[in-house]
Amino acid sequence: MRILKTITETREELAKFKNKSIGLVPTMGFFHEGHLSLMKQARQECDIVVVSLFVNPTQFGQGEDFEQYPRDELRDAELAQSNGVDYIFQPSVKEMYQESFNTAVVLGRTLTDKMCGSSRPGHFQGVATVVTKLFNIIQPEKAYFGQKDAQQLVVIKSFVRDLNLPIEIIGMPIIREEDGLAKSSRNIYLSHKEREQALGLYRALCLGEDLIQGGLLNRSELIGRVKDFLLNQPGLEVDYFEAVQAEDLSAPDILKGKIIIAGAVRAGSTRLIDNILVEV
Ligand code: AMP
């Protein structure tokens with residue numbers, strides 16, 4: 001495995017593989033089983049696997065955790081190598097955003113005016129812009145993203161389709177701890193007590209899933225019931241709880257087909273997101 005730090009050397013290196021399929025796994029590092037599941041899938045489906053490791057400042061808002069975001073490059077390199085990754089693309093902020101950088105991928109509001117988009121203004125524009133740059137630099141045939149960031153996955157599929165980018169976007173299931181907590185690099189911020197309390201979000205999502213499976217498809221009633229439960233979970237501050245159609249995040253009065261129930265909470269100062277995909 002090689003670690004590539006500049007765009008020029010990355011382009012030169014990957015140009016060798018003109019007739020091979022390249023799979024890209026975009027990440028911000030501090031790997032856990034969720035990241036590794038994407039790498040393993042890419043390894044199975046592609047000739048060359050590239051993992052990008054870049055904590056992207058433009059997707060963090062003011063007062064968010066860009067500076068504190070956990071980093072462990074040596075451990076990440078070992079894990080990537082042992083999971084069959086061929087290259088890590090690990091640029092500096094300067095390499096990705098030269099001083100004169102002055103461009104953004106602008107997204108329509110229907111996918112971004114809700115859920116994480118309304119709690120984190122500008123977040124998805126930052127994601128879409130950096131992912132577009134990564135796609136242009138690496139030129140993968142396939143790119144792998146986790147369902148953990150459900151809204152991000154819908155946004156990425158949408159701009160890839162709208163801008164005719166020749167890349168297949170592959171969504172992968174959420175990897176969880178044994179008790180159900182979704183794996184996340186940010187879980188490291190949690191104290192022992194917060195770690196226990198964080199499970200309240202998963203419990204609320206499971207309640208939502210049960211209610212839907214039991215036939216409750218009236219969206220506002222569903223949200224009301226689950227939110228009441230979530231608000232009663234000790235130690236959690238609720239950011240949002242939503243139930244939307246999985247394909248386009250639309251919010252009809254009566255849900256149908258593939259539904260995402262999703263929530264964001266704060267446990268102490270740590271913001272956690274999670275979701276469950278339910279099909280009726
Ligand atoms: P991040 O490094 O947090 O930006 O995540 C990089 C990729 O890993 C994104 O596509 C995430 O959706 C995905 N990911 C993060 N956590 C999980 C998880 N628990 N299960 C599956 N994929 C995940």
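Our structure is the block above this text.
Let us look at the structure shown here. Just so you know, these numbers come straight off a predicted model, no measurement behind them.

**Observations concerning the environment of Gln245**
Relative to the elements of secondary structure, Gln245 occurs in strand 7 (residues 236-245). Sequence separation between Gln245 and Ile261 is 16 residues, and the spatial gap between their C-alpha atoms is 8.8 Å. Apart from residues lying up to four places away in sequence, Gln245 is in contact with Ser250, Pro252, Ile254, Leu255, Lys256 and Lys258. In terms of polar contacts, Gln245 uses its side chain to reach the backbone carbonyl oxygen of Lys256, at 2.5 Å.

**Some remarks on the layout of surface pockets**
In this structure, the second largest pocket encloses a volume near 360 Å³. If you trace the second largest pocket, you find 18 residues lining it, with Ile22, Ile137, Ile138, Gln139 and Pro140 closest to the centre. Contributions of two or more residues to the lining of the second largest pocket are made by helix 1 (7-14) and helix 6 (123-138). Sort the elements by how many residues they give to the lining of the second largest pocket and helix 6 lands first, with four residues. Classifying every residue of the lining of the second largest pocket by side-chain character gives eleven nonpolar, three polar and four charged.

**Regarding unusual backbone geometry**
The backbone phi angle of Asn164 is positive, close to 55°, even though this residue is not glycine. By the secondary structure assignment, Asn164 is in the loop between helix 7 (150-162) and strand 6 (168-172). Phi is positive for Leu249, which is not a glycine, with a value near 60°.

**Quick notes on the site of the ligand**
Taken together, the neighbourhood of the ligand is formed by 18 residues, with Met28, His35, Gly146, Asp149 and Ile175 sitting nearest. Met28 has a polar backbone atom sitting 2.9 Å from an oxygen atom of the ligand. Note that a nitrogen atom of the ligand is positioned 2.8 Å from one of the backbone N or O atoms of Ile175. Considering the ligand on its own, with 490 Å² of exposed area, one finds that the protein chains cover 93% of that surface. At the level of elements, strand 2 (22-27), helix 2 (33-45) and strand 5 (142-146) are the ones that each hand at least two residues to the shell around the ligand. Here the shell around the ligand is composed, by residue class, of eight nonpolar, seven polar and three charged.

Rules and cut-offs
- Residue numbers run consecutively from 1 along every chain, following the written order of its sequence.
- In keeping with the predicted nature of the model, local features appear solely for residues at pLDDT of at least 70, side-chain atom pairs appear and are counted solely at 80 or more, and the whole-chain, interface and lining totals rest on all residues.
- With hydrogens and water set aside, each side-chain value is computed from the structure's full complement of heavy atoms.
- Only DSSP runs of H or I reaching four residues or more are called helices, and only runs of E reaching two or more are called strands; each is numbered from the N terminus.
- Whether two residues touch is decided by their heavy atoms; if any such pair falls within 4.5 Å, the residues are in contact.
- Under this definition, polar contacts are N or O atom pairs within 3.5 Å; protein pairs additionally need one hydrogen-donor-capable and one acceptor-capable atom, and for neighbouring residues in sequence, both atoms have to be side-chain atoms.
- In this analysis, the protein atoms alone were mapped onto a 1 Å grid. Cavities are point sets where a 1.4 Å probe fits without being able to get out; pockets are open sets with protein on both sides within 12 Å along at least five of seven lines; lining residues have an atom within 4 Å of a point.
- Grid points are joined across faces, edges and corners, and a volume is the space filled by probe spheres set on the points.
- Polar here means any residue outside two lists: the nonpolar Ala, Val, Leu, Ile, Met, Phe, Trp, Tyr, Cys and Pro, and the charged Asp, Glu, Lys and Arg; Gly therefore counts as polar.
- The criterion for a residue being near a molecule or strand is simple. One of its heavy atoms has to lie within 4 Å of it.
- Computed by Shrake-Rupley with a 1.4 Å probe, the accessible areas treat only the displayed protein chains as cover when residues are assessed.

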